[in-house]
Amino acid sequence: MRTAVVVGAGIGGLAAAGALARTGWQVTLLERDDRVRAGRTALVLWPNGIRALRALGLGDGLDAIATALPDMGVRRPDGHWLVQPRPAAGDRTPVVVHREDLHDALVAGLGDQVEIHTGVSVRSVRVGSGARPAVSDGRLTVEADLVVAADGIDSAVRRRMAPESTVVSSGCAAWRAVIPWYRAPRLPEDRPVSGETLGAGYRFVAASLGERGSSGGSSRGGIYWVATAAGAPRPEPPATQLALLRRWFAHWPAPIGDLLAATEPDDLVQQEVRELRPLPRAYGFAAGTGGVVLLGDAAHAMPHHLGQGACLAFEDAATLRSVVREAVPGRPLQEAVEAYSRLRRPRTVTVVRQTRRMSAVLQTRGRLALRARDAALGTINPRLMGSAATAAAQWNPPA
Ligand SMILES: Cc1cc2nc3c(=O)[nH]c(=O)nc-3n(C[C@H](O)[C@H](O)[C@H](O)COP(=O)(O)OP(=O)(O)OC[C@H]3O[C@@H](n4cnc5c(N)ncnc54)[C@H](O)[C@@H]3O)c2cc1C
């Protein structure tokens with residue numbers, strides 16, 4: 001039987017492990033943490049990510065947990081529109097999901113065919129001619145026909161296979177929270193929760209997860225928000241960070257103040273935003289009689305401004321499943337991992353380029369620069385602000 005070892009049980013690793021197991025691979029999943037755990041907040045999935053999940057056979061699970069996210073446009077902190085909301089366009093509507101719900105759906109997709117080892121922090125990769133590749137934490141060594149590196153932005157496997165790619169700061173920090181419905185502010189009917197506001201070096205995005213009082217949809221409903229600020233993460237305790245956020249976003253349009261007032265320090269998840277520069281030269285490598293592939297943030301970590309990181313990880317998993325479905329060890333598998341790289345790298349380069357343009361917009365400071373930015377946003381609205389939707393529309397799972 002063909003064997004694969006997947007390193008990392010994040011969103012990408014879980015999706016890939018389940019996909020390979022369902023196509024007849026014997027899969028071992030290695031996770032550094034002492035258990036396989038989900039993130040505490042939520043995610044926006046654009047249509048490309050949704051299509052990838054459907055291609056992976058996880059569409060029903062997604063339908064049970066997703067809340068449609070209407071386009072609410074982009075405002076300036078003074079309430080003026082930078083980009084007017086546009087009507088929902090068929091299958092271009094993104095959805096928002098709680099990470100724990102998504103995690104449960106991905107774990108359910110593993111079935112009982114995946115052998116999971118937790119507490120294994122892979123430190124080395126062995127690739128040599130004539131032998132199968134192998135990974136090891138110094139105690140446990142797992143050899144397999146295919147190594148899937150899904151070990152996130154600090155990937156040990158990528159450091160070995162693509163040392164040219166390094167992790168750098170994106171120059172901003174992000175804070176996220178989900179306010180459960182029982183604590184969420186009661187907003188007037190005419191004040192939509194969802195929406196995006198963009199100021200000089202600051203951005204605030206909010207979305208409803210399910211509906212207040214509804215037992216359907218997300219089992220972990222509430223209001224999800226993400227705040228981004230240019231600069232380094234804050235070293236202060238969460239209560240002080242929350243006080244800072246309330247100060248930075250004071251006087252921004254409703255309901256931002258209400259949402260921050262309803263947030264408790266324990267809800268906050270702060271993260272330094274980092275990215276890979278340059279991207280690895282390839283995402284797939286022939287290795288002895290098998291191959292090694294990079295997937296998800298291990299391959300193409302990027303700032304979250306377009307909300308595409310997890311979506312691309314699902315695209316990776318769907319593509320990998322398609323190219324290795326029939327591949328057997330030896331030349332066919334080596335060709336399959338090279339095909340994976342050829343399919344995935346140009347696609348992610350395009351999305352990273354769009355994300356970097358958004359980074360530049362977010363970090364615009366100074367009155368003149370701001371005016372130029374606002375004018376640019378107004379005039380090239382469909383090209384720039386709609387770029388995520390465009391990127392989304394451009395991807396379809398391989399046959
Ligand atoms: C503020 C913010 C908002 C975001 N919003 C969105 C969004 O709305 N939509 C979207 O699509 N994306 C979004 N993203 C991006 C998304 O969260 C990531 O792209 C995605 O989680 C990456 O998943 P992954 O499985 O590749 O990596 P990770 O989630 O980092 O998982 C890696 C796993 O590997 C394990 N691991 C690490 N090293 C080792 C090792 N040596 N050995 C074994 N195991 C190891 C880790 O413990 C972890 O479980 C956002 C990111 C941020 C920061």
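Scroll up to find the structure this text is about.
Please read these numbers as outputs of a predicted model, since none were measured by experiment.

1. With respect to the layout of surface pockets
And step 1. In this structure, the second largest pocket encloses a volume near 240 Å³.
And step 2. Considering the residues around the second largest pocket, the lining is formed by 15 residues, among which Trp181, Leu187, Arg191, Val193 and Ser208 are closest to the centre.

2. Comments concerning the pattern of salt bridges
And step 1. Inspection of every chain in the model, using the stated rule, returns 24 salt bridges.
And step 2. Across the salt bridge formed by Arg37 and Asp34, the nearest N and O atoms sit 2.6 Å from each other.
And step 3. For the salt bridge of Glu164 with Arg281, the shortest nitrogen-to-oxygen distance reads 3.1 Å. Remark: Arg281 occurs in the loop between strand 17 (269-277) and strand 18 (284-287) and Glu164 occurs in the loop between helix 5 (156-161) and strand 13 (166-180); sequence separation between them is 117 residues.
And step 4. Glu164 sits in the partly exposed class, given a relative accessible area of 30%.
And step 5. Arg281 gets classed as exposed once you look at its relative accessible area, which sits at 52%.
And step 6. Here the salt bridges share partners, and the residues they tie into one network are Glu100, Asp101, Asp104 and Arg220.

3. Some remarks on the site of the ligand
And step 1. Lining the immediate environment of the ligand, one finds 29 residues, of which Gly12, Glu31, Val44, Arg99 and Asp297 sit closest.
And step 2. With respect to the ligand, the side chain of Glu31 contributes an N or O atom lying 2.6 Å from an oxygen atom.
And step 3. Here an oxygen atom of the ligand sits 2.9 Å away from a polar atom, N or O, in the side chain of Arg99.
And step 4. Of all the secondary structure elements, the ones that give two or more residues to the shell around the ligand are helix 1 (11-22), strand 2 (26-31), strand 3 (42-45), strand 13 and helix 9 (309-324).
And step 5. If you tally residues by element for the shell around the ligand, the top one is helix 9, at three residues.
And step 6. Of the residues in the shell around the ligand, the class split is 12 nonpolar, 11 polar and six charged.

Conventions we followed
- Residues numbered from 1 in each chain as written.
- Predicted model: local features only at pLDDT ≥ 70, side-chain atom pairs only at ≥ 80, totals over all residues.
- Heavy atoms only, no water.
- 1 Å grid on protein atoms, 1.4 Å probe; cavity = no way out; pocket = protein on both sides within 12 Å on 5 of 7 lines; lining within 4 Å.
- Points joined across faces, edges and corners; volume = space filled by probe spheres on them.
- Salt bridge = Lys/Arg side-chain N within 4 Å of Asp/Glu carboxyl O.
- Helix = DSSP H or I, 4+ residues; strand = E, 2+ residues; numbered from the N terminus.
- Buried < 20%, exposed > 50% of the residue type's maximum accessible area, 1.4 Å probe, protein only.
- Near = heavy atom within 4 Å.
- Polar contact = N/O pair within 3.5 Å; in protein donor to acceptor, adjacent residues only side chain to side chain.
- Nonpolar A, V, L, I, M, F, W, Y, C, P; charged D, E, K, R; others polar.

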